[in-house]
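The primary structure of each chain is shown beneath.
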Amino acid sequence: MQDFNPLDSGRQRRALWMSTASFTVCFAVWTIFSIIGVQVKQDLNLSETQFGLLIGMPILTGSLIRLMLGIWADQYGGRRVQVIVMLTAAIATWLLTFADSYPTFLLAAVGVGIAGGAFSSGISYVSRWFPAGRQGLALGIYGAGNVGAAVTKLLAPMVMVAWGWKMVAELWAAGLVAMALIFWFSTTDDPEHEKRRREGVKPQSLSSMLEPLKNVQVWRFALYYFFVFGGFVALSLWLPRYLIGVYGLDIGVAGMLAAAYSIPGSLFRIYGGVLSDKYGARRVMYWTFGVSVACCFLLSYPPTEYLVHGIHGPIKFHIQTGVAGFVVLVFILGFFMSLGKAAVYKHIPVYYPGHVGAVGGIVGLVGGLGGFLLPIAFGALNDLVGIWQSCFALLFVVVLVSLLWMHFSIRAMERGVAEKELRKLPELPEMQPIHKPEHEGVLGSHLLEDWRPEDRGFWESQGKRIARRNLWLSIPSLLLSFAVWMVWSVVVAKLPAVGFQLSTDQLFWLAALPALSGATLRIFYSFVVPIFGGRLWTTVSTWSLMIPALGIGFAVQDPQTPYWLLLMLALLCGFGGGNFASSMSNISFFFPKAEKGHALALNAGLGNLGVSAVQFVVPLVITFGVFGAFGGDPHVGTDGVAANQPLWLQNAGFIWVPFIAASAIAAWFGMNDLASAKASFAEQAVIFRRSQNWIMCWLYLGTFGSFIGYSAAFPLLAKIEFPHVPVLKLAFLGPLVGALARSFTGWVSDRWGGGRVTFWVFIGMAIGVLGVMHFTHTKSFPGFFASFLFLFFVSGVGNASTFQMIPAIMRKEIGRLMPSLSREDSTRQAEKESAAIIGFSSAIAAYGGFFIPKSYGSSIALTGSADAALWAFLVFYISCIVITWAVYTRRGGLLHDIERRPPAAPPSSPAAPAPATG
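Along each chain, residue indices are assigned from 1 in the same order as the chain's sequence is written. Selection of residues for local features in this predicted model requires a pLDDT of at least 70, selection of side-chain atom pairs for listing and counting requires 80 or more, and totals for whole chains, interfaces and linings are taken over all residues. Water and hydrogen atoms play no part in the side-chain values, which are based on all heavy atoms of the structure.

Colleague: Sorry if this is basic, but what is going on with the overall build of the chain here?
Modeller: Strands here mean DSSP runs of E at least two residues long; helices mean DSSP runs of H or I at least four residues long; both are numbered from the N terminus. When helices and strands are tallied, the chain shows 40 helices and six strands. When the 918 residues of the chain are sorted by exposure, 59% land in the buried category. In what follows, residue pairs with any heavy atoms lying within 4.5 Å of each other are defined as contacts. Counting only contacts in the chain whose residues sit at least 6 apart along the sequence, the fraction spanning at least 24 positions is 84%. Exposure was quantified through the Shrake-Rupley algorithm and a 1.4 Å probe, taking into account, for residues, occlusion by the shown protein chains and nothing else. As displayed, the chain has an accessible area near 35200 Å², and 67% of this comes from carbon and sulfur atoms. We call a residue buried when its accessible area falls under 20% of the maximum for its residue type, exposed when it is over 50%, and partly exposed in between, using a 1.4 Å probe and counting protein chains only.

Colleague: I'm lost on the packing of aromatic side chains in this one. Help?
Modeller: Aromatic rings considered in pairs are described by the distance between their centres and by the relative angle of their planes. Here a pair means two rings of Phe, Tyr or Trp (six-membered ring of Trp) with centres within 6.5 Å. Their orientation is stacked below 30 degrees between planes, edge-to-face above 60, and tilted elsewhere. For the coordinates displayed, the defined rule picks out 45 aromatic pairs. Look at F707 and F792: their rings are 6.2 Å apart centre to centre, the planes differ by 85°, and that puts the pair in the edge-to-face class. With a gap of 85 residues between them, F707 in helix 32 (residues 691-721) and F792 in helix 36 (residues 781-817) connect regions that are remote in the sequence.

Colleague: Where do I start with the packing of helix 2 (residues 33-44) against helix 6 (residues 102-112) in this structure?
Modeller: The axes of two packed helices give the description: the angle between them and the distance between them. Running from amino to carboxyl end, helix 2 crosses helix 6 at an angle of 170°, the nearest separation of the two axes being 12 Å. Relative to helix 6, helix 2 is oriented roughly antiparallel. Between helix 2, through F33, V40 and L44, and helix 6, the contact on the second element is made entirely by Y102, F105, A109 and V112. Angles shown run from 0 to 180 degrees and are taken between the N-to-C directions of axes, each axis being a line fitted to C-alpha atoms and, for helices, limited to the stretch in contact. For classification purposes, an angle smaller than 35 degrees is called roughly parallel, one larger than 145 roughly antiparallel, one from 65 to 115 roughly perpendicular, and anything else oblique.

Colleague: Looking at this structure, I do not really get a nonpolar patch on the surface. What am I missing?
Modeller: Residues with no salt bridge and a relative accessible area higher than 30% make up the patches, which join like charges within 9 Å and nonpolar side chains (Val, Leu, Ile, Met, Phe, Trp, Tyr) within 5 Å. A pair is scored as a salt bridge if a Lys or Arg side-chain nitrogen falls within 4 Å of a carboxyl oxygen belonging to Asp or Glu. On the surface, L87, V177, L181, W184 and F185 cluster together to form a nonpolar patch covering roughly 490 Å² of accessible area. Ranked by the residues each element gives to the nonpolar patch, the list is headed by helix 10 (residues 165-186), at four residues. According to the relative accessible area criterion, W184 is partly exposed, its value standing at 33%.

Colleague: Is there a simple way to think about helix 22 (residues 504-525) in this case?
Modeller: Since one α-helical turn is 3.6 residues long, residues separated by three or four positions face the same way. For helix 22, with 22 residues, the first-to-last C-alpha span of 32 Å sits near the 32 Å given by 1.5 Å per residue. The angle between axes fitted to the seven residues ending at a residue and the seven residues starting there is what we call the bend at that residue. At A512, helix 22 shows its maximal bend, which comes to roughly 30°, and the proline P514 appears one to four places after that position. A helix's residues, less one, multiplied by 1.5 Å, set its expected span.

Colleague: What is the right way to look at the side chain of R690 in this model?
Modeller: Here R690 shows up in the loop between helix 31 (681-684) and helix 32. Apart from the residues lying within four places of it in its own chain, the contact partners of R690 are I814, L817, M818 and E833.

Colleague: Whenever I open this one, unusual backbone geometry confuses me. Can you help?
Modeller: Peptide bonds are mostly trans, and most non-glycine residues show a negative phi. At N45, a residue that is not glycine, the phi angle is positive and equals roughly 55°. Its location among the elements puts N45 in the loop between helix 2 and helix 3 (48-64). If you check the backbone angles, K779 has positive phi at about 60° while not being a glycine. Here K779 is to be found in the loop between helix 35 (754-777) and helix 36.

Colleague: I'm lost on the nonpolar core in this one. Help?
Modeller: Side chains of a nonpolar character, in soluble globular proteins, are inclined to be buried together. Only buried residues count toward a nonpolar core, which is a set of Ala, Val, Leu, Ile, Met, Phe, Trp, Tyr and Cys residues joined through side-chain atoms within 4.5 Å. Counting residues in hydrophobic clusters, the biggest one holds 249 residues, and the most contacted among them are F33, V487, W488, L495, Y710, F788 and Y856. Among the nonpolar cores identified, the runner-up in size contains 13 residues, and L448, W451, W459 and A599 belong to it.

Colleague: Explanation requested: the environment of G578 in the structure shown.
Modeller: Mapped onto the fold, G578 is located in helix 27 (residues 574-588). Note: C-alpha distance between G578 and A843 (265 residues apart in sequence) is 8.0 Å. Apart from residues lying up to four places away in sequence, G578 is in contact with G518, L521, R522 and Y525.

Colleague: Before we go on, may I ask you to explain the environment of Q557 in this structure?
Modeller: Secondary-structure assignment places Q557 in the loop between helix 25 (546-555) and helix 26 (563-572). Distance from Q557 to H635, taken between C-alpha atoms, is 7.7 Å for residues 78 residues apart in sequence. What qualifies as a polar contact is a pair of N or O atoms within 3.5 Å, subject to a donor-acceptor requirement within protein and to the restriction that residues adjacent in sequence count only when both atoms come from side chains. Of note is the side chain of Q557, whose polar atom sits 2.9 Å from the backbone oxygen of G553.

Colleague: Please clarify how the state of the cysteines should be interpreted in this entry.
Modeller: Counting rule for disulfides: a pair of cysteine sulfur atoms within 2.5 Å. Applying the stated criterion across every chain yields a total of zero disulfides. Not engaged in a disulfide, the cysteine C295 finds its nearest cysteine sulfur in C296; these two sulfurs lie 6.9 Å apart. Overall, the relative accessible area of 4% leaves C295 in the buried class. Between C391, a free cysteine, and C296, which holds the nearest cysteine sulfur, the sulfur-to-sulfur gap is 9.1 Å.

Colleague: How do you make sense of the environment of I687 when you look at a structure like this?
Modeller: Structurally, I687 can be placed in the loop between helix 31 and helix 32. You can call I687 buried: its relative accessible area is 3%. For I687 and F840, which are 153 residues apart along the polypeptide, the C-alpha to C-alpha distance reads 8.9 Å. Setting aside its immediate chain neighbours within four residues, I687 contacts N693, W694, E833, A836, I837 and F840.

Colleague: For this particular structure, what's the right way to read the confidence of the model for the chain?
Modeller: On a range of 0 to 100, pLDDT expresses the predictor's confidence in each residue. For the chain, per-residue confidence averages 78 on the pLDDT scale, and residues scoring 70 or more make up 82% of the total. Segment residues 1-7: pLDDT under 50, and ten contacts once partners within four positions in sequence are set aside and those in other chains are kept. Across residues 903-918, confidence stays below pLDDT 50; counting only partners more than four residues off in sequence or on other chains, it has 38 contacts.

Laid out in structure tokens, this is it:
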């Protein structure tokens, strides 16, 4: 676009906001048949296919005329064309009231569809007011006029119920006329059109305006828009009918729920424009297609009855998406479709500044055809297949094909291109033929190729800010991971109260399995960051928490849910446990040695608070309907302190869902990948030949394994031993004490030595176990609870002290094992092996979360009490005491001289600090 005087910024803003208002009114008229069509269907007794054709006919007209309207807008000015469109559509909408048969309704629908053509003329007009760096936001705001569909869904049902569908048409026509007048008198022609008029330049010919349509990338973008926009419009039209047919809702409620899809699908298009400007269309498109694939798959699954022939007879259960789950999934789908709509149009004004109307018109035409063809296909599938969910199955196929096509095209474009040249490529392969040097860098990147945290100047000028942003986005993801990992520790204690008939051993299995899967996943997660990138993996691993969170919420609502399904969900909670290894690995790359320990302590320590959070939050949220009707009905408690009280146990899973979504989105758009974060598995695998690795795994199993195991087992064990005490209200205190002890006692190990502190930690843990046994026998809950708090405290101290030992051990061992290395190479090798041992030992230690609950369950099942398990723990802690003394702290031990050496003078360069716990 041409530059214009800054004093014209007021005209710029008026042009944008009045254009958006006009498009909102046009879109409300364009989708009018989604509401009045329901009444027309009943009056004329139409089939599903006829109904689909009726509501799709305006979409067809609006789509087909978009190309010519866009061309005319480029030639004669978008402002003039926009007003003509509104006035013409107003006349057609008013004439709709005279229709009295199916053919006349179809004819009237053709005229109403003119309103949909306003998109291409408005795009041409708005884009000429803004520079390339702001066009994504401007076009996103304009595209938010899609919210007109929600306006129709919210207001038209009320008007129709009160005065009939004809009044809807008359009022909507009057609104178009009023908007056309307001728009004309409050705006001016765009700067480019004014310049052409002043200079007497004639409009380009039709043939020249159509020239860009020969480029294949235009049609590729059109196909992407077929889903993100065509699918949006199709669902806007179809959802009221779907909600009435599937869930039996009345037209008013169906319209309001359909608006829950339309509103985010429109307003968040603005945010999609911001993200496309800042981070690039490719990332936005990947997220759009990826999340849409998942949502469409879940929505396409029809209500199903399963009959499993089990050992003790048939097991029958039912799977169906309720109204609450449906609305949540459609809301998410609408949100990401809105991002995709903005991303598609981000490139058009960049690559075709003189042909925005023509190119935008053809892309909008194909997208609009999706809005026409898909409702017809939905109706035809209902008639042919007889399954309501078939419409989402069709969308699933469309978006999956789009995602795969885009991905493999991008990979084909990048194949064989050196890493430093990747940023010179366009975001999407269809832009290659017209991608020029001036287009490089228009779209941002999350890959940091230059990262020098040890360079003080680089660190202070930009590195610190980026590293801290990544840290503070990582912490909530890790906290939620620990919360989901430990959610069964609270849920299992309440399952009998809502009607689940499970034995004590079965309950302990449910509490133990998340730790088993989480510990196993940690082994693999330790190596994924250098392969996939920390940003991508943090985002994917956070999104993966949705599966167990939603699964638990749905499963616990039905006491007939089979036990194997509960076991499967418990295993899936291990996603949360595995995330620790990748999170710590990722954050360690961002910080210099002098700040690495503090950063890892914050990441791990605050992440561990997720255990305390779940045991504090869940007992509260299950006592009232947090999500109202969307959260499902409560169960009435049947035993203990919950007897005769309503319990929304499903909230234990559902409560984390919005936070998981927010954290995953924040990670994707706010975190970075480091090109330097490379390390092969072979380089790290040397630790498996180090005896010190296995010894520290044993000791860390005693500290962190105890912390996570007691966190998982304490609520259920306390519930069994003291059934009349409201233990769930107090359970969070144990993990809280452990996490805070880790965060605030690291100085003890720095002052006295990690080996010596660890030795006394295990003595304390042995005493704590003896206290638990004593007070269990005397049935003293205060003593029992105090003993467990003491165990949590000393385990937290031990989490810090054991990790503090590892760098000191390996610095000494590498000097002995690899004497030929220079001092600098020896230090580097010690740091690399220390990091690998920290990651691997954290994985092994996490198995404590499985063995401790399972030991309690087996002990109670076999002997009637937990004594056998507690005696086994005591023997284990005694072995840790002996190993710590014999290998590290005795005279002649590895750490004896180091920990008793007088404090050295501060080094000239910062030494590696003690890492954090997991």
